[in-house]
Amino acid sequence: MTLGLINANPVVHAKKERVARNDDSHAEDAVDPLEIYDYVRDIRDPEHPYSLEQLSVLSEESITVDEKLGRILITFTPTIQHCSMATVIGLCLREKLKDCFPPHFKVDIKVAPGSHANEESVNKQLNDKERVAAALENPNLRQLVDECLYSSEL
């Protein structure tokens, strides 16, 4: 076990089976929360060799879509209240989803209410375009995000 882990013994859950979805021809442009979940569920946690799904950081219910308002809300729950990797998880979600939606959709990424000691600060960082861009310009942070997104160890 690596020294210095914030949560050295996370609870790991089994991966759910992927559900085959029927393509509905009249809903071609509709944004489906379950498709979004399927797309992001395998992102690796920055601290552990498990997916966000396996650590219950994300669930199918944590993604909501309001087609009329053009808003997508992704709420995630860090494994512990003082998780120092919460912003990295949010950056991974934002980076993975950056080109997935029609341009009129706004994507909000937030920690679940009451799930993080610095909830307001984390939410502000994750939904400020300039802060996100600046964070991703940091080569070390960029490498960590890329490792979480493109890890083949899962």
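Residues numbered from 1 in each chain as written. Predicted model: local features only at pLDDT ≥ 70, side-chain atom pairs only at ≥ 80, totals over all residues. Heavy atoms only, no water.

- As recorded by an unreviewed UniProt entry, the protein carries the name Protein AE7-like 1 and is attributed to Sesamum indicum.

## Brief notes about the nonpolar core
Note on soluble globular proteins: their nonpolar side chains tend to be buried together.
And then number 1: Ile-74, Phe-76 and Leu-93 are the most contacted members of the largest nonpolar core, which totals 34 residues.
And then number 2: Looking at this core, the elements that each hand over two or more residues are helix H1 (33-40), strand S2 (71-76), helix H2 (86-97), strand S3 (106-111), helix H3 (119-126), helix H4 (129-137) and helix H5 (139-150).
And then number 3: Beyond its immediate stretch of four places on either side in the chain, Phe-76 contacts Val-57, Leu-58, Ala-86, Ile-89, Gly-90, Leu-93, Ile-109, Lys-110, Val-111, Ala-112, Ser-115 and Leu-126. (Core = buried A, V, L, I, M, F, W, Y, C linked by side-chain atoms within 4.5 Å. Buried < 20%, exposed > 50% of the residue type's maximum accessible area, 1.4 Å probe, protein only. Helix = DSSP H or I, 4+ residues; strand = E, 2+ residues; numbered from the N terminus. Contact = heavy atoms within 4.5 Å.)

## What to know about the sheet that holds S3
And then number 1: Strand order across the open sheet formed by three strands is S1-S2-S3, with mixed pairing between neighbours. In this open sheet, the two strands that pair with only one neighbour each are strand S1 (63-66) and S3. Mean inter-strand twist for the sheet, computed between neighbouring axes without regard to direction, equals 15°.
And then number 2: As defined by bridge partners, S1 adjoins S2 across four bridges and the pair is classed as antiparallel. For Thr-64, the partnering residue across the bridge sits in S2 and is Leu-73. (Pairing = 2+ DSSP bridges. Axes fitted to C-alpha atoms, helices over the stretch in contact; angles between N-to-C directions.)

## Section: the pairing of S2
And then number 1: Remark: four residues form the turn of the hairpin made by S1 and S2, two consecutive strands paired antiparallel; Gly-70 in that turn has positive phi of roughly 65°.
And then number 2: Two strands pair when backbone bridges link them, and S2 and S3 are joined in this way by six bridges, in the parallel orientation. Note that in S3 the partner of Ile-72 across the bridge is Val-107.

## Looking at the pattern of salt bridges
And then number 1: Scanning the model with the defined rule gives eight salt bridges in all.
And then number 2: For Asp-108, the salt bridge is made with Arg-71, and the minimal N-O distance between the two is 2.4 Å. Note that Asp-108 is positioned in strand S3 and Arg-71 in strand S2, a separation of 37 residues in sequence.
And then number 3: Using a relative accessible area of 9% as the deciding quantity, one classes Asp-108 as buried. (Salt bridge = Lys/Arg side-chain N within 4 Å of Asp/Glu carboxyl O.)

## Description of the packing of H2 against H4
And then number 1: Packing of H2 against H4 brings their axes to within 11 Å, and their N-to-C directions diverge by 95°. Compared by their axis directions, H2 and H4 come out roughly perpendicular. Contacts between H2 and H4 involve Leu-91, Arg-94 and Glu-95 from the first element and Val-132, Ala-135 and Leu-136 from the second.
And then number 2: Considered class by class, the residues forming the contact of H2 with H4 number four nonpolar, no polar and two charged. (Parallel < 35°, antiparallel > 145°, perpendicular 65-115°, else oblique. Nonpolar A, V, L, I, M, F, W, Y, C, P; charged D, E, K, R; others polar.)

## Things to note about the environment of Tyr-50
And then number 1: For Tyr-50, the location among the structural elements is in the loop between H1 and S1.
And then number 2: For Tyr-50, a relative accessible area of 30% gives the class partly exposed.
And then number 3: Residues Tyr-50 and Cys-148 lie 98 residues apart in sequence; the distance between their C-alpha atoms is 9.8 Å.

## Details of the packing of aromatic side chains
And then number 1: Scanning the model with the defined rule gives zero aromatic pairs in all.
And then number 2: We note Lys-96 situated over the ring of Tyr-39; from NZ or CZ to the ring centre the distance is 4.7 Å. (Phe/Tyr/Trp six-rings, centres within 6.5 Å; stacked < 30°, edge-to-face > 60°. Lys NZ or Arg CZ within 6 Å of the ring centre and 35° of its normal.)

## What to know about the state of the cysteines
And then number 1: If you walk through the whole model with that rule in mind, you get zero disulfides.
And then number 2: Cys-92 forms no disulfide, and the closest cysteine sulfur to it belongs to Cys-148, at a distance of 4.1 Å. (Disulfide = S-S within 2.5 Å.)

## Focus: H3
And then number 1: By the burial criterion, the buried members of H3 are Val-122, Asn-123 and Leu-126. All buried residues of H3 fall inside an arc of 95° around its axis, so they share one side. Along H3, exposed side chains directed more than 90 degrees from the buried face belong to Glu-120 and Lys-124.
And then number 2: At its buried positions, H3 is contacted by S2, H2, S3 and H4. (Arc of directions from axis to C-beta.)

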